[in-house]
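The lines below spell out each chain.
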Amino acid sequence: MNRTPPSKQLDLAAVRVTLLKLSDTADTPAVGRLLLQAYELTLVAEQYIDPLQAPIAPGWYDVADPMAGGVLA
Amino acid sequence: MSQFQAARWRDQPLWDRTWQTMSRPQLDAVHLRRIKQLIEFAYERVPFYREKYAAAGIKPADVRTWDDFYEHVPTVDKVDLIADQERNGPNGFGLEATPREARAWYHQTSGTTGGPFREVFTHYDRSTAAYDASTYGWWDAGLRPGSSMYFAFNFGTFMGFWSKVFAAERMGLMVIPGGGLDTVGRLEQIAELAPDAVAGTPTYLMRMGEVAQQHGIDLGAAGVRVLSTAGELGPSVRSFRAQLRELWGGARIVDIYGQSENSFGAIECRMADDAEVNGFHVIERYMHSYAGDTEQYRPVAPGEVGEHIVTTFRLGQPLIKYRTHDLVRHVGTVDHGCGWNFGFLEGGVLGRTDDMITIKGTNVYTSSIQRLVGDTPGLEPHYELHITRDRGLDQLTVRVEAQADRTADDYPALRDQLVAKIRHAVGITVTADILAPETLQRYELKTKRVFDHRRETS
């Protein structure tokens, strides 16, 4: 029996990578910006759900590797 | 049935069970991990931290344990923030760690200590750095998505009530901004719209209650269930709290404690009204905090009074071991029936290291005078402290309003009672002036209570 709560069954890191790629390749600023915010909210959600594993900052804060899924994970 | 009505989380008693019920060992583990990461983050991005840590002879990798953190990591003070801000030019921000594109909100401190400090918050900070700390207390007080909150406040650069707007958004409350109206206009709007909650400073909400009575506006009929307060000591004085609740038809009070630069990150649980529990839970989701001694800033024993030193997990301007100058009694996790495991600041803010005034050689915390005023039956919680100097001797005069049901004949006895209380508790003899109700000025933002005239009178 799977006892993992539904909110922990999501692979938020994978979702973030997808959102970041979609944002990066969006056709309009409106969509690109919205997807970037959605990406940040997945980080926030992960900090609530899995505080011992969640990154502390959005990857795009990291100039060296802006496409990272989150820095200092 | 709507999505909100069907949601499995809607009937849960706690806003954020994962964090609120986390065991102390796990909270410690999460905090230590985050602190190490934050130190690394700040060190890489903020010259101020590189220089400060170089002067202390440490690098991020040296901080591995709590002992390392408490013993070797230097504290940060408001003057550091101002100095770094000045170094970054006339439009610069002190301690900024994130890219320019991340800037989302500008705030500034009120400037009571040093100059005003410019604060930059990122969108990400809005969700991770106590911007929405109020949600914990509001949920506890019974507000739910679909409830409404009236903001009795003129919105400016001060972060305090903006953070509540964002918290209300996060929680799903309807925001009713009451900026731009006078007190009567706001009261009429509250009577008309019947919000579930009203946010404001304690003194101003008290003022609104008084004005409502004068204008025959029945706040009890408006059905306000929750008062969300911030910025002053008032609600931790039981007589003030009782009076405020009475004026607002018995509404529950949820007070929040914090400072703009370190975010408002500690809040009352429902037991503040249900069981007269007096103090704040630190929202440890957003910050680490401890009470430290005022010389080495090492933790004092649990339950002892020390300076509140916080590390906030805000990225726009990371604050690591920030000295708040507030004196608190940090008692760690306590079980007083609310179900929260977050650390507790018993009695709230007990004083300020920098609001200490020296009268006739005695150190006096002005907040202690406030508590004594609040504990004197027959006196209103509206008071001012005036310090003068006559022939080289300091004199403290407490000007305080009597309650409306007292006559001028009662004033001498009230005066003698208050003077005796202060002499017994603080050890100095003061002069007290008992005033008629509503004599003293009321403020919408932070109430000015201390007036030091010594330069004028010496």
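Residue numbers here run from 1 along each chain, matching the order of that chain's written sequence. Written order determines the labels here, with chains lettered from A and ligands numbered from 1. In keeping with the model being predicted, local features are shown solely for residues with a pLDDT of at least 70 and side-chain atom pairs are shown and tallied solely at 80 or more, while totals for entire chains, interfaces and linings include all residues. Only hydrogens and water are removed before side-chain values are computed, so all heavy atoms of the structure are retained for them.

## Points about the overall build of chain B
Numbering of helices and strands runs from the N terminus, with a helix taken as a DSSP run of H or I at least four residues long and a strand as a DSSP run of E at least two residues long. Assigned secondary structure in chain B consists of 17 helices and 20 strands. In this setup the radius of gyration rests on C-alpha atoms only. A globule is expected at 2.2 Å times the number of residues raised to 0.38. Here the C-alpha atoms of chain B give a radius of gyration of 23 Å, agreeing with the 23 Å that 2.2 N^0.38 yields for 458 residues. Over its C-alpha atoms, taken along the principal directions, chain B stretches across nearly 70 × 70 × 45 Å. The proportion of buried residues among the 458 residues of chain B is 58%. If you take every contact in chain B between residues at least 6 apart in sequence, the share linking residues at least 24 apart comes to 69%. Only carbon and sulfur atoms are counted for the fraction: they give 49% of the accessible area of chain B, which is about 18,100 Å². Treating the 51 positive side-chain charges of chain B as one cloud and the 60 negative ones as another, the clouds have centres 4 Å apart. Relative accessibility under 20% of the residue-type maximum defines a buried residue, over 50% an exposed one, and the middle range a partly exposed one, all with a 1.4 Å probe and only protein chains included. For this analysis, residues touch if any pair of their heavy atoms sits within 4.5 Å. Method for areas: the Shrake-Rupley scheme with a 1.4 Å probe, in which residue coverage is limited to the protein chains shown. Counted as positive: Lys and Arg. Counted as negative: Asp and Glu. His and the chain ends are not counted at all. The atoms used to mark charge sites are NZ of Lys, CZ of Arg, CG of Asp and CD of Glu.

## Some remarks on the overall build of chain A
Along the backbone of chain A there are two helices and zero strands. Looking at chain A as a whole, 40% of its 73 residues qualify as buried. Pairs at least 24 apart in sequence give 33% of the contacts found in chain A among residues at least 6 apart. About 4,100 Å² of surface is accessible on chain A, with carbon and sulfur atoms providing 62% of the total.

## Observations concerning the state of the cysteines
Two cysteines form a disulfide when their sulfur atoms are joined by a covalent bond. Criterion for a disulfide: a pair of cysteine sulfur atoms within 2.5 Å. Scanning all chains against the criterion turns up zero disulfides over all chains. Here C269 of chain B stays free of any disulfide, with the sulfur of C338 of chain B as its closest cysteine sulfur at 3.8 Å.

## Details of the sheet that holds strand β18 (residues 393–402) of chain B
All names here are of chain B. Only strands joined by at least two bridges in the DSSP assignment are considered to pair. Spatially, the four strands line up as an open sheet ordered β19-β18-β17-β20, and their pairing is mixed. A single partner strand is all that each edge strand has here, and the edge strands are β19 (431–435) and β20 (450–452). Taken over all neighbouring pairs, the strand axes of this sheet differ in orientation by 20 degrees on average, direction set aside. Pairing geometry for strand β17 (residues 379–390) and β18, over nine bridges, is antiparallel. Between N-to-C directions, angles span 0 to 180 degrees; the directions come from axes that are lines fitted to C-alpha atoms, helices contributing only their stretch in contact.

## Observations concerning the sheet that holds strand β8 (residues 263–267) of chain B
All names here are of chain B. In space, the eight strands of this open sheet follow the order β4-β3-β5-β6-β7-β8-β9-β13, with mixed pairing throughout. Strand pairing shows two members of the sheet lacking a second neighbour, β4 (174–177) and β13 (344–346), which therefore form its edges. Strand-to-strand, the axes of this sheet are offset by a mean angle of 30 degrees, without reference to chain direction. For strand β3 (residues 148–151) and β4, the ladder comprises four bridges, and the chain directions are parallel. Of the residues in β4, the one forming a bridge with M149 is V175.

## Looking at the packing of aromatic side chains
Aromatic ring pairs are defined here through the distance separating the ring centres and the angle between the ring planes. Residues and elements named next belong to chain B. Side-chain rings of Phe, Tyr and Trp, where Trp is taken by its six-membered ring, are said to pair if the distance between their centres is within 6.5 Å; with planes under 30 degrees apart they count as stacked, over 60 as edge-to-face, and otherwise as tilted. In the structure shown here, the tally under the stated rule is 21 aromatic pairs over all chains. Ring geometry for F153 against F155: centres 5.7 Å apart, planes inclined by 85 degrees, an arrangement best described as edge-to-face. When its relative accessible area of 3% is taken as the criterion, F153 is described as buried. Residue classification places F155 among the partly exposed residues on the basis of a relative accessible area of 27%.

## Thoughts on the pattern of salt bridges
Residue and element names in this part refer to chain B. Just to be clear on terms, a salt bridge is a Lys or Arg side-chain nitrogen sitting within 4 Å of an Asp or Glu carboxyl oxygen. The full count for this structure, using the stated rule, is 24 salt bridges over all chains. The shortest N-O distance in the salt bridge between R298 and E71 comes to 3.0 Å. Residue R298 is located in the loop between β10 (287–292) and β11 (305–312), and its partner E71 is located in helix α5 (residues 66–72); the two are separated by 227 residues in the primary sequence. The shortest N-O distance in the salt bridge between R406 and D405 comes to 3.7 Å. By relative accessible area, D405 is classed as exposed at 59%. It is possible to trace a salt-bridge network through shared partners that takes in R241, R245, E268 and D273.

## Side note on the nonpolar core
Residues and elements named next belong to chain B. To define a nonpolar core, start from buried Ala, Val, Leu, Ile, Met, Phe, Trp, Tyr and Cys residues and group those joined through side-chain atoms within 4.5 Å. Y49, F69, W138, I320 and W340 are the most contacted members of the largest nonpolar core, which has 99 residues in total. Here this core gets nine residues from one element, more than from any other, and that element is helix α3 (residues 24–45). Beyond its immediate stretch of four places on either side in the chain, Y49 contacts A42, Y43, V76, L95, P318, L319 and I320.

## As for helix α10 (residues 183–193) of chain B
Residue and element names in this part refer to chain B. T183, G185, R186, L187 and I190 are the residues of α10 that are buried. Close packing links the buried residues of α10 with β3, β5 (197–200), α11 (202–214) and α12 (219–222). A194 sits one or two residues past α10 and shows a positive phi near 50 degrees.

## Here we look at the side chain of T135 of chain B
Residue and element names in this part refer to chain B. Secondary-structure assignment places T135 in helix α8 (residues 134–140). The class for T135 is buried, based on a relative accessible area of 0%. Apart from residues lying up to four places away in sequence, T135 is in contact with W15, A167, R170 and M171.

## Some details on the interface of chain A and chain B
Contacts between the two partners involve 22 residues from chain A and, on the opposite side, 29 residues from chain B. Buried area between chain A and chain B, both sides added, is near 2,200 Å², and the carbon and sulfur share of it is 58%. Each of two parts loses accessible area, computed with a 1.4 Å probe, when they are put together; buried area is these two losses added. Contact with chain B buries surface across chain A, with Y48, I56 and Y61 of chain A losing the most and accounting together for 35% of the total. Put simply, chain A and chain B have zero salt bridges between them. Residues adjacent in sequence count toward polar contacts only when both atoms are side-chain atoms; beyond that, a polar contact is any pair of N or O atoms within 3.5 Å, and within protein one must be able to donate a hydrogen and the other to accept it. Taken together, the connections running from chain A to chain B amount to ten residue pairs in polar contact (both at pLDDT 80 or more). The residue inventory of the side of chain A that touches chain B, partitioned by class, reads 16 nonpolar, three polar and three charged. Throughout this entry, Asp, Glu, Lys and Arg are counted as charged residues, while Ala, Val, Leu, Ile, Met, Phe, Trp, Tyr, Cys and Pro are counted as nonpolar. The remaining residues, Gly among them, count as polar.

## What about the packing of α3 of chain B against helix α4 (residues 47–56) of chain B?
Residues and elements named next belong to chain B. In the contact formed by α3 and α4, the axes pass within 5 Å of each other and the chain directions differ by 105 degrees. Between α3 and α4, the crossing angle belongs to the class labelled roughly perpendicular. Contacts between α3 and α4 pair I39, A42, Y43, E44 and R45 from the former with P47, Y49, R50 and Y53 from the latter. Convention used here: angles under 35 degrees read as roughly parallel, angles over 145 as roughly antiparallel, angles from 65 to 115 as roughly perpendicular, and any remaining angle as oblique.

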